[in-house]
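Descriptive analysis of the structure
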Amino acid sequence: MELKKTIDSATLEAARCLIDGHQRFVITTHISPDGDALGSAIGLHRWLKKKGKDVTVIFNDAPGMNLSFIPGHEEGIIYETQDKSLPSQKEAALKTLHAAEVLIASDYNELSRTGEMATELKKLPIAKMMVDHHLNPATGEFDVIISHPEMAAACEVVYHLICELGDADLIDETIAGPLFCGLMTDTGMFSYTVNDPSPWLVAGDLVARGADAERFRRDCELETERRARLMGYVLDQKMTLIPEHKAAFFSLTKPELKKYGYQKGDSEGFVNLPLNLYGIRVSAYFREEKNFVKVSLRSKGDYPVNEICSRFFGGGGHKNAAGGEFHGSLEMAEKLFLKALPLYDRFL
Ligand code: 5GP
Ligand code: MN
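Predicted model, so just to flag it, every value in this text is computed and none were measured.

Scanning the chain for helices and strands turns up twelve helices and twelve strands. For the chain, the C-alpha radius of gyration of 20 Å lies close to 20 Å, the compact-globule estimate for 348 residues. Each principal axis of the C-alpha atoms in the chain carries an extent, and together these give about 55 × 50 × 40 Å. For the chain, the proportion of contacts with a sequence separation of at least 24, taken over those separated by at least 6, is 64%.

Written out as structure tokens, the structure is:
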């Protein structure tokens, strides 16, 4: 079975012109980068470097320890470091941004998803290209939009872009590795949306080109002691089940996070855990941050958590994985979730 070409020819030619006609590129991705954000940015970075371009990756904030198994995780400049012991890289990032000719947005659909950095990105008078798989791309913000919500990961979109531009031969082990990692993590270890053969075909080709699937699969499950203990606490003490709505939720307060020495990324994926319980089809995680509550929702089947996030929590996302920011207390966020649940029972 062959993988179909997916990028329409006008978009592909616009991307080709942009790449062939410029030298200095900067690649950005969304706040709190996940495996797909990181893998797609690094894949693009290494591919453009092979083509002789000057390329820099700028992350708004540092990728968590949980992503350290992804090759190239240390390859970017960090715009807003949370770790005060590290020197600020903001000046270097700004200098790079202002010297760039093309901005590439990888794994996000609107500039505001880049956090603090968004203010600068919006001001940049340079060509902007999106390579993404989220719904509703902000068309007014970009010159070239390669947006494929039907794809499982931005890494899959990047793979198509490279191949359809005729550069498949440039995908060696160093590019295949990060792309494979992003595809693997955004599909939840090849468990969501994989009745579609396309992600498997892409993954298979990446393995054929040298991605060490066995090692990535194993290493991405490594835990820190901190994270393992926090996970135990969440499951034992914090998880509330609402069987009548096939739902579960948990919250973590600032003092609880402090007690467990929480660092960014430590609770990545926890929101999926309740979905492993018999009879649970929707799960929510509320985390107390400095000025807001970070909301994460997950679901199974047709249950559209992105609708709940956009209607109640000022966010959005995918049908089965969405998030938002709530400006209020943890208790208010939980109450709002409980109020929303009966409205969505028809999707259970
Ligand atoms: P997470 O729960 O891992 O933070 O986010 C899951 C998905 O929801 C992300 O891939 C992203 O698509 C979406 N998402 C998370 N937070 C926000 C937000 O604040 N606004 C919007 N529009 N989407 C979000
Ligand atoms: Mn993604």
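This next bit is on the site of ligand 1. Taken together, 13 residues sit near ligand 1, with His134, Lys294, Ser296, Arg298 and Ala322 positioned nearest. Within the side chain of Lys294, an N or O atom sits 2.9 Å from an oxygen atom of ligand 1. Contact between ligand 1 and Ser296: an oxygen atom at 2.6 Å from a side-chain N or O atom of the residue. The fraction of the free accessible surface of ligand 1 (490 Å²) that becomes covered by protein chains is 79%. Only β10 (293–299), β11 (316–317) and β12 (321–326) provide two or more residues apiece to the shell around ligand 1. Looking at the shell around ligand 1 element by element, the count peaks at four residues for β12. When the residues that make up the shell around ligand 1 are grouped by side-chain class, the tally is two nonpolar, eight polar and three charged.

The subject of this paragraph is the coordination of the manganese ion (ligand 2). Coordination of the manganese ion (ligand 2) by the protein comes from Asp36 (OD), Asp107 (OD), His133 (NE2) and Asp186 (OD), over a distance range of 2.1 to 2.4 Å. Donor residues for the manganese ion (ligand 2) sit on one chain with the sequence pattern D-x70-D-x25-H-x52-D. Here Asp36 is found in helix α2 (residues 35–50), whereas its partner Asp107 is found in the loop between β4 (102–106) and α4 (118–123), with 71 residues between them in sequence. Its relative accessible area of 0% is what places Asp36 among the buried residues.

Turning our attention to the sheet that holds strand β1 (residues 24–29). What the six strands build is an open sheet, ordered β3-β2-β1-β4-β5-β6; its pairing is parallel. Each having just a single partner strand, β3 (76–78) and β6 (144–147) make up the two edges of the open sheet. Here the strands of the sheet are splayed against their neighbours by 20° on average, with no regard to which way each runs. Sheet topology places β1 next to strand β2 (residues 54–59); five bridges connect them, and they run parallel. Across the sheet, Arg24 pairs through a bridge with Asp54, a residue of β2. Sheet strands touched by helix α1 (residues 9–20): β1, β4, β5 (127–132) and β6. Its angle to β6, the strand with the most contacts, is close to 125°.

This brings us to the packing of aromatic side chains. As enumerated under the stated definition, the model contains 13 aromatic pairs in all. Taken together, the aromatic side chains of Phe249, Phe286, Phe313, Phe326 and Phe337 make up a single cluster linked through ring pairs. Over the aromatic face of Tyr233 sits the side chain of Lys259, whose NZ or CZ is 5.9 Å from the ring centroid.

Take the environment of Glu116 next. Its location among the elements puts Glu116 in the loop between β4 and α4. The exposure class of Glu116 is partly exposed, given its relative accessible area of 48%. Each C-alpha atom of the pair Glu116 and Ile31 lies 8.7 Å from the other, and the pair is 85 residues apart in sequence. The contacts of Glu116, once residues within four sequence positions are left out, are Asn60, Tyr79 and Glu80.

Another point: the side chain of Thr11. By secondary structure assignment, the location of Thr11 is in helix α1. One polar contact links Thr11 to Asp8, side chain to side chain, over a distance of 2.7 Å. Setting aside chain neighbours within four positions, we find Thr11 in contact with Val144, Ile145 and Ile146.

With that out of the way, let us pick up the layout of surface pockets. In this model, the second largest pocket occupies a volume close to 180 Å³. Lining the second largest pocket are 13 residues, and of these Leu3, Lys4, Thr6, Asp196 and Ser198 sit closest to its centre. Per element, the largest residue contribution to the lining of the second largest pocket is three residues, and it comes from helix α7 (residues 197–208). In the lining of the second largest pocket, the residues fall into five nonpolar, three polar and five charged.

A few words on the state of the cysteines. For the structure on display, the rule yields zero disulfides. Take Cys181: it sits in no disulfide, and the sulfur closest to it among the cysteines is that of Cys220, at 7.9 Å. Accessibility expressed as a relative area gives 0% for Cys181, which makes it buried.

The rules behind these values
Residues numbered from 1 in each chain as written. Chains lettered and ligands numbered in written order. Predicted model: local features only at pLDDT ≥ 70, side-chain atom pairs only at ≥ 80, totals over all residues. Heavy atoms only, no water. Helix = DSSP H or I, 4+ residues; strand = E, 2+ residues; numbered from the N terminus. Rg over C-alpha atoms; globule rule 2.2 N^0.38 Å. Contact = heavy atoms within 4.5 Å. Near = heavy atom within 4 Å. Polar contact = N/O pair within 3.5 Å; in protein donor to acceptor, adjacent residues only side chain to side chain. Areas by Shrake-Rupley, 256 points an atom, 1.4 Å probe, with all protein chains shown as cover. Nonpolar A, V, L, I, M, F, W, Y, C, P; charged D, E, K, R; others polar. Donors = N, O, S within 2.8 Å, 3.2 Å for Na, K, Ca; no water. Buried < 20%, exposed > 50% of the residue type's maximum accessible area, 1.4 Å probe, protein only. Pairing = 2+ DSSP bridges. Axes fitted to C-alpha atoms, helices over the stretch in contact; angles between N-to-C directions. Phe/Tyr/Trp six-rings, centres within 6.5 Å; stacked < 30°, edge-to-face > 60°. Lys NZ or Arg CZ within 6 Å of the ring centre and 35° of its normal. 1 Å grid on protein atoms, 1.4 Å probe; cavity = no way out; pocket = protein on both sides within 12 Å on 5 of 7 lines; lining within 4 Å. Points joined across faces, edges and corners; volume = space filled by probe spheres on them. Disulfide = S-S within 2.5 Å.

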